[in-house]
Amino acid sequence: MAVYVAQAAAEQAGRGWRVAVACPPEGELVARLAAAGVPHLPWRAGRSPGPGTLAEARRLRGLVAAFDPDVVHLHSAKAGLAGRLPGVAGDRRVVFQPHGWSWLAGSGPLGPVSLAWERYAAHRADAVVCVGAGELEQGRAAGVRGAFHMIRNGVDRDRFRPAGAEGRAAARAALGVPPSARLAVCIGRLTRQKGQDVLLAAWPLVRERRPDAELVLVGDGDAADQLRGQAGPGVLLVPAVADPRPWLAAADVVVMPSRWEGLPLAALEALAVGRSLVASDVPGLAEVVAPGRGALVPAEDAAALAAAVAERLSAPGLADAEGAAGAAAAAGFDMADTFASLAGLVAGLAGTPAASLGAGSGPLAAETSG
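For every chain, the first residue of the written sequence is number 1, and numbering continues from 1 along that sequence. Local features are withheld for residues below a pLDDT of 70 in this predicted model, meaning they are given only at 70 or higher, and side-chain atom pairs are given and counted only at 80 or more; totals for whole chains, interfaces and linings count all residues. To obtain the side-chain values, all non-hydrogen atoms of the structure were included, while hydrogens and water were left out.

An unreviewed UniProt entry lists the protein chain under the name Glycosyltransferase, with Actinomadura parmotrematis given as the organism.

**Q** What is the right way to look at the side chain of Arg-293 in this model?
**A** Note on conventions: DSSP H or I runs of at least 4 residues are helices, E runs of at least 2 residues are strands, and numbering of each starts at the N terminus. Relative to the elements of secondary structure, Arg-293 occurs in the loop between strand 11 (276–280) and strand 12 (294–297). Of the side chains with opposite charge, Glu-287 comes closest to the buried, unpaired Arg-293, at an N-O distance of 9.2 Å. With residues up to four places along the chain from it excluded, the contact list for Arg-293 reads Leu-271, Ser-276, Leu-277, Glu-287, Val-288, Glu-322, Ala-325, Gly-326 and Ala-329. Relative accessibility decides the category of a residue: with a 1.4 Å probe and only protein chains considered, values under 20% of the type maximum give buried, values over 50% give exposed, and everything between is partly exposed. Neither His nor the chain ends is counted toward charge; the positive residues are Lys and Arg and the negative residues Asp and Glu. Here, a salt bridge means any Lys or Arg side-chain nitrogen found within 4 Å of an Asp or Glu carboxyl oxygen. Only heavy atoms enter the contact rule, under which two residues are in contact if any of them lie within 4.5 Å.

**Q** How should the pairing of strand 9 (residues 235–238) be read in this particular structure?
**A** Every other side chain in a regular strand lies on the same face of the sheet, so the side chains alternate between the two faces. Direction of pairing for strand 8 (residues 213–218) relative to strand 9: parallel, over a ladder of four bridges. Residue pairing across strands places Val-218 opposite Val-238, the latter belonging to strand 9. Pairing between two strands requires that DSSP report at least two bridges joining them.

**Q** What's the story with the nonpolar core in this structure? I'm lost.
**A** Side chains of nonpolar character tend, in soluble globular proteins, to be buried together. Counting 64 residues, the largest nonpolar core has Val-21, Leu-29, Val-185, Trp-247, Leu-277 and Val-288 as the members making the most contacts within it. In terms of residue count, the dominant contributor to this core is helix 15 (residues 335–350) (eight residues). Beyond its immediate sequence surroundings of up to four residues, Val-185 is in contact with Val-216, Val-218, Trp-247, Ala-251, Val-253, Val-254 and Val-255. Put simply, buried Ala, Val, Leu, Ile, Met, Phe, Trp, Tyr and Cys residues joined by side-chain atoms within 4.5 Å make one nonpolar core. Within the second largest apolar cluster, 32 residues are counted, among which are Ala-20, Phe-67, Ala-89 and Val-144.

**Q** Can you walk me through the packing of aromatic side chains in this structure?
**A** What characterises a pair of aromatic rings is the spacing of the ring centres plus the angle enclosed by the ring planes. Aromatic rings from Phe, Tyr and Trp, with only the six-membered ring used for Trp, were paired whenever their centres fell within 6.5 Å, and each pair was classed as stacked if the ring planes differed by under 30 degrees, edge-to-face if by over 60, and tilted otherwise. Applying the stated rule across the entire model yields four aromatic pairs. With 5.4 Å between their ring centres and 65 degrees between their planes, Tyr-4 and Phe-339 make a pair best called edge-to-face. Of this pair, Tyr-4 sits in helix 1 (residues 2–14) while Phe-339 sits in helix 15; the two residues are 335 residues apart in sequence, bridging distant segments of the chain. Considering the side-chain rings of Trp-101 and Trp-103, the 5.0 Å spacing of their centres and the 15 degrees angle between planes classify their relative orientation as stacked. Summarising the burial analysis for this pair, Trp-101 and Trp-103 share the class buried. By way of ring pairs, the aromatic residues Trp-101, Trp-103 and Phe-148 are connected into one cluster. One cation-aromatic arrangement involves Arg-18 over Phe-67; the distance from NZ or CZ to the ring centre is 4.1 Å. One Lys or Arg, Arg-84, reaches over the ring of Phe-96 and ends 3.8 Å from the middle of that ring. Placement of a positive charge over a ring is assigned whenever Lys NZ or Arg CZ falls within 6 Å of the ring centre and within 35 degrees of the normal to the ring plane.

**Q** Please explain the sheet that holds strand 8 as it appears in this structure.
**A** Strands pair in a sheet through their backbones, by hydrogen bonds, and they do so in one of two ways: parallel or antiparallel. Taken together, the six strands give an open sheet; going across it, the order is 9-8-7-10-11-12, and neighbouring strands pair in parallel fashion. Two strands close off the open sheet at either side, each with one partner strand: strand 9 and strand 12. The sheet shows a mean angle of 20 degrees between the axes of neighbouring strands, direction not considered. Fitted lines through C-alpha atoms serve as axes, helices being fitted only where they are in contact, and the angles separating the N-to-C directions of these axes extend from 0 to 180 degrees. Its contacts with the sheet place helix 13 (residues 302–314) against strand 7 (182–187), strand 8, strand 10 (253–256), strand 11 and strand 12, and it is angled at close to 170 degrees to strand 12.

Given below as C-alpha cells:
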C-alpha cells in the first residue's frame, strides 16, 4: 500500500494538485513521499483498532482541518475507520479504498465487528474504490452497500520489464544466486495474510521432488520470527527491499500463497517481469493468474501448493512459457490507466475536470495508516 499511495500522490501532484499524505512518521511510505516531493503530515496511529482509536481520529481531524482539502482519500481499514468517524472529514468529500476488506483479517469477534462497521460506514464515503473485481464482489456479497467504483491496480511498465535468460543470469550474479539453482521467490510482508507459513509447510514436499530447489522469502513483518523458526533447508529469509526487480528477475517461479488479497502489486510486478505465478485461488489473485500464466491452488493447501511449485521448478519450459504469457497480459494492468481513472473520480467529486484541477482550485489529501 505504501507504494500505491506514494505513486498516486506523486501522480496527482504532477497534475498541479495540492496533495499531502497523513501517515505515521516512520516507515517506507515517508521515505517514498520525500523522494517524490510530496508533503507528509505526521499522523501517529497504529495498524489495529483499540482504545487509542478515538485519539487517533481527533489527531486526524486536526490535520484535515489544517490542510483543508476538497477531498479526503482514506487508504486501508485503519484510516477508513478513523476518517469515517463523525466530524473527522467535516463536510468534505470522502473516498475510501480498503486495499483488502477489514473483516478478512479479523479473528474471533473482531471479524463480525469489522463487517458490521463496513456495512454501516459505507454510506459515510462518497466513493468506495476497489482495486479489483474480486474485492468489489466480496464487498457486495458481504452486504456492504456503497458507491462502488472499480479501479484496478496497475504496474509501472517502464520499470518492470520482461527479464529473459540474460536478465535472470545478471540478477543472479548480482544477488549471489547460483546460475543453476531452481529458485522460487515470495515477496511480501511477513504476515498471516500473505501465507508464507503455508509455503514453508509445503517446502519439504517441494524438496522431495526437487532436492536442489531453493526458496527466498523477501520482506519484513510481524510474523518474521515465527517464519525464521519454521524455515528449514533450502530456505533463505531476506529483509524487505526497496526494489524487488532483481529478485523477480532471478526467480524461476514466483509464489503468492495469500489467504486473502485485494489485487496485489507484487503479482502484477511478477507478471510484468515475465515470471510464472503460483498463487492461492482467492479474489484478487484469481483475476491475475489466468490459465497459461501459472497455477491457482486452494488457499492453505500446502500439498497442492508444493505440487504446483515443484512442477514448474522441474519444467523450466513450462515456467518460461507462462512467464511470457504473463508479460503480455501485464499490458492490461498499466499504472498510467489506474491513476488516470483515480484522478477522474477524485476530480469529479471535487466538481472540477481532472485536466484542469490545479494548485489553486482543488487540493487533495490522502490519509493512510501506513
